[in-house]
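# Structural description and commentary
As a plain string of letters, each chain reads:
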Amino acid sequence: MTDEAEFMARAIELAERGRHRVMPNPLVGCVLVRSGEIIAEGWHDHLGGLHAEQMAIADAEARGVETQGSTAYVTLEPCNHFGRTPPCTEALMWAGVKKVVVGSPDPNPTVRGDGSEVLRNAGIDVTTGLLQDRCEEQMSQFMHWCQHRQPEVLLKAAVDKNGKIDSDSAEATRFSSPESLKLVHDLRADSMAILVGVNTVIRDDPSLTVRGPDVGPRKQPIRIVIDPNGRVPKNCKLMQDSLAPTLLIHIKEISTDDDAEHVERVVLSDDDGELDPQRILYMLGDREIQSLLVEGGADTWQRFLDADAIDRAHLCQSPVSLPGNDGPFFGSVNLENAGLNHQSTEIVGGDSISKWKRL
Ligand code: AOF
Ligand code: ZN
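These notes cover the structure that comes with them. (Residues numbered from 1 in each chain as written. Chains lettered and ligands numbered in written order. Predicted model: local features only at pLDDT ≥ 70, side-chain atom pairs only at ≥ 80, totals over all residues. Heavy atoms only, no water.)

## So, the overall build of the protein chain
Looking only at helices and strands, the protein chain features 12 helices and 14 strands. Radius of gyration (C-alpha) of the protein chain: 23 Å, near the 21 Å computed for a compact globule of 359 residues. Expressed as lengths along the three principal axes of its C-alpha atoms, the size of the protein chain is roughly 70 × 45 × 35 Å. Here the protein chain holds 359 residues, and the buried ones make up 54% of them. Sequence-distant contacts in the protein chain: of pairs separated by 6 or more residues, those separated by 24 or more amount to 69%. (Helix = DSSP H or I, 4+ residues; strand = E, 2+ residues; numbered from the N terminus. Rg over C-alpha atoms; globule rule 2.2 N^0.38 Å. Buried < 20%, exposed > 50% of the residue type's maximum accessible area, 1.4 Å probe, protein only. Contact = heavy atoms within 4.5 Å.)

Okay, structure coming up:
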């Protein structure tokens, strides 16, 4: 790796520190370099916190390090707008940075292209595209939403050795290892919304909250239930606990008199009694939801796959055999048939976790 690439790689590493905590903002990292040495580091840490460039400049100031004449390596094009923070372009100029090396351009329409142009007009040398693929992969949810105005969708499925789905336990606790259950909470924490079908709620009464990872000041992911005909029981956890918002999607008006405050219902038009996943994604995209985790059950997975509505999948296969030979079954073949490509497989606590992606 060149020195330049190493500096950007460090910025990517720093950006990771904001994971779960910055959405709907992207993960961004920044280092300031002078005479071939990193003199300051910053990252976007949580929603409402400083942007990466501003944190790096503050870091230099706090340690009494001179930023004049330095080069900034930043994973995303600096913003040039007054949002939750003042523009990073101004901060970089103020700090006397002479060169900015950008990973990815910012596709956000309110900042697009502008940041680099403003910096160039101020006489700062700007180059773009260093480790761009890695930067964009790290902020894929943000990139996807900016491009498509709908969430990036991740399917998570847990099956036994034979591809059988655990049909009557909440959160597959009977057979996935503790290590892979922990991963489930990481996936939830990495999502702005979690979706299940009404049958899963009736059968498992899941709470669908993030337990473990720190999500910072952002809210817990919204819990969404596809419930065409209003069958979600009033006394289930999603309706009773207010740990996270709950959104029920119906195809007709359902009486709402005694719903708790955290519960919202929306009515979407249907196709022969079925809710089209694509219609759901547009509705969520309009609400600026950039990432959706589809947790199940099997019918919901398959409907989303059939509608080409899954971008990524994690399939967790345990070495345990559940009793009985009857279905439902689910596995690689369902993902392959839906046009997803296998990316990698790792073993976690004895379970095999394969990752899939639409290219
Ligand atoms: C940067 N550096 O570290 C980040 C940027 O609402 P705000 O003010 O936090 O602005 C959010 C937008 O700024 C976000 O949608 C994205 O376009 C950009 N994020 N920009 O210069 C950063 N996180
Ligand atoms: Zn900024």
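That shown, we press on.
## Structural notes on the pattern of salt bridges
Scanning all chains against the criterion turns up 22 salt bridges. A salt bridge links R63 to D59, with the nearest nitrogen and oxygen atoms 3.1 Å apart. On the accessibility criterion, D59 (21% relative accessible area) is partly exposed. With its nearest N and O atoms 2.6 Å apart, the salt bridge here joins R265 to D259. A relative accessible area of 18% places R265 in the buried class. Among the charged side chains, a network of salt bridges with common partners joins E137, E152, R312 and K357. (Salt bridge = Lys/Arg side-chain N within 4 Å of Asp/Glu carboxyl O.)

## Structural notes on the environment of V22
Mapped onto the secondary structure, V22 falls in the loop between helix 1 (3-15) and strand 1 (29-34). Distance from V22 to E37, taken between C-alpha atoms, is 28 Å for residues 15 residues apart in sequence. In contact with V22, not counting residues within four places along its chain, are L27, H44, D45, H46 and L47.

## Overview of the coordination of the zinc ion (ligand 2)
Listed as protein donors to the zinc ion (ligand 2) are H51 (ND1), C79 (SG) and C88 (SG); their distances from the metal cover 2.0 to 2.2 Å. Coordination at the zinc ion (ligand 2) is tetrahedral: its four donor atoms span angles of 95 to 121 degrees at the metal. Within one chain, the residues donating to the zinc ion (ligand 2) are spaced in sequence as H-x27-C-x8-C. In this pair, H51 sits in the loop between strand 2 (37-43) and helix 2 (52-62) while C88 sits in helix 3 (residues 88-94), placing the two residues 37 residues apart along the sequence. Like C88, H51 is buried. (Donors = N, O, S within 2.8 Å, 3.2 Å for Na, K, Ca; no water. Tetrahedral: all angles 85-135°; square planar, octahedral: opposite > 155°, others 65-115°.)

## A look at helix 6 (residues 140-148)
Within helix 6, seven of the nine residues are buried, which leaves it mostly tucked inside the rest of the structure. For helix 6, the full list of buried residues reads S140, Q141, F142, M143, H144, W145 and C146. Within two residues after helix 6, R149 carries a phi angle of roughly 60 degrees, on the positive side.

Read these as spatial facts, not as claims about activity.
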